[in-house]
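Residues per chain, in single letters:
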Amino acid sequence: MAVPQLRTVTRTQGNNEALKTGVVTPRGFRFEFEEVPVLVDAFRRMVRGLEFDVSEMALTTYLVAKAHGARFTAVPVFLVRGFHHGAVFHDPASDVRSPKDLEFRRVGVSRGYTVTTGVWARAVLQEEYGVDLDKVTWVLSGDEHVAAYRPPANVVPVDSGGSLEDALLAGDLAAVIGPRPASSALAPLIPEPAEAGFTALRERALYPINHLIVIRDELLAEQTELGALVFDAFARAKQLYVDRLHSGGVNSPTATDRMYRRVLEVTGMDPLPYGLEPNRAVLEQLMRHAVDQHILERPLPLEGLFAESTRTLIA
């Protein structure tokens with residue numbers, strides 16, 4: 001019998017590199033990797049067209065998709081984590097000096113309101129700086145992956161013909177949430193954001209999840225153990241990466257590698273824990289923020305978000 005080939009998209013990174021190179025091979029199937037240069041395009045293709053068998057996906061995109069009946073289910077493989085204190089940018093020459101200054105102002109959000117970085121960044125503004133998120137008008141540069149989602153009334157599209165960065169430099173926006181802008185005139189609103197992130201880790205155990213893995217429900221129904229097999233493959237690849245982080249064996253480390261290494265040093269624990277139980281608190285936290293920010297109407301049952309064969313797995 002031919003080994004099933006699963007059409008798969010995931011960005012090459014330390015914790016899944018061994019799957020891409022073939023150092024780690026799955027049991028019972030094979031990944032047929034497709035490279036999508038802009039990963040968020042793959043999220044949209046999966047959400048709107050079920051184009052892949054297995055796909056990396058942003059966490060909040062997944063929650064919104066499930067709330068709207070998506071026919072795929074996650075395995076608790078959390079590929080990307082990070083801190084988002086540095087995702088809020090402002091013009092230091094403006095009158096915006098602190099996060100509270102964003103109230104009653106317009107703040108840009110890269111792409112959609114449900115983008116996971118935006119959710120975590122707004123949560124930081126709310127929890128650490130007391131910003132009333134409902135008193136901010138959120139200005140989007142794009143639309144949502146989940147077409148059925150309807151944002152709250154204080155979420156509006158950017159004026160046509162301009163970018164968020166241009167609007168910020170022109171004074172039409174008080175700040176922008178998203179990737180680092182091209183202009184050197186703009187700076188993070190939260191001082192020393194990297195240190196602020198690690199302070200939140202130490203003091204509040206805040207260690208946000210950004211991406212996970214999903215599998216088409218049709219395949220999970222055909223092979224009930226497929227979720228566990230996918231989990232196992234990603235877990236074995238991740239362990240090789242964590243072992244290299246421990247030993248200092250990551251060649252030419254990226255900023256992400258260095259962050260994970262520092263998390264390991266600060267916590268003494270695996271910087272990329274997989275499994276529902278080790279991540280239950282942060283998943284519930286993200287769900288609460290999604291409700292508070294009017295992205296979800298109510299929290300979703302956590303166990304139901306993960307393939308049944310994976311709910312007790314830990315790696």
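Computed from a predicted structure; not experimentally measured. (Residues numbered from 1 in each chain as written. Predicted model: local features only at pLDDT ≥ 70, side-chain atom pairs only at ≥ 80, totals over all residues. Heavy atoms only, no water.)

Caption draft 1: Representation of the sheet that holds strand β4 (residues 72-81) in the model. Spatially, the five strands line up as an open sheet ordered β2-β1-β3-β11-β4, and their pairing is mixed. Edge positions in the sheet fall to β2 (30-33) and β4, since each has one partner strand and no second. Each neighbouring strand pair of the sheet contributes to a mean axis angle of 30 degrees, computed without reference to strand direction. As judged from the six bridges shared by β4 and strand β11 (residues 209-216), these two strands associate in the antiparallel manner. Counted as the bridge partner of V75 is I213 from β11. Packed onto the sheet, helix α4 (residues 116-129) meets β3 (54-58) and β11 and runs at close to 145 degrees relative to β11. (Pairing = 2+ DSSP bridges. Helix = DSSP H or I, 4+ residues; strand = E, 2+ residues; numbered from the N terminus. Axes fitted to C-alpha atoms, helices over the stretch in contact; angles between N-to-C directions. Contact = heavy atoms within 4.5 Å.)

Caption draft 2: Representation of the sheet that holds strand β7 (residues 137-140) in the model. Reading across the sheet, the six strands line up as β8-β7-β6-β9-β5-β10 and stay open at both edges, with mixed pairing between neighbours. The open sheet terminates on both sides in strands that have one partner only, identified here as β8 (155-157) and β10 (187-188). Pairing of strand β6 (residues 106-109) with strand β9 (residues 175-177), which is carried by three bridges, proceeds in the parallel orientation. Looking at β9, one finds that V109 is bridged to I177. Sitting on the sheet, α4 is in contact with β5 (88-90), β6, β7 and β9, with an inclination near 130 degrees to β9.

Caption draft 3: Looking closely at helix α9 (residues 255-267). Under the 1.5 Å per step criterion, the end-to-end length of α9 is 18 Å for 13 residues, consistent within 8% with the ideal 18 Å. Listed in full, the buried residues belonging to α9 are D257, M259, Y260, V263 and L264. The arc that holds every buried residue of α9, seen down its axis, measures 160 degrees, which confines them to one face. For α9, the exposed residues set more than 90 degrees away from the buried face come down to A255, R258 and E265. In this structure, the buried residues of α9 make contact with β4, α6 (193-204) and α8 (226-247). (Expected span 1.5 Å × (residues − 1). Buried < 20%, exposed > 50% of the residue type's maximum accessible area, 1.4 Å probe, protein only. Arc of directions from axis to C-beta.)

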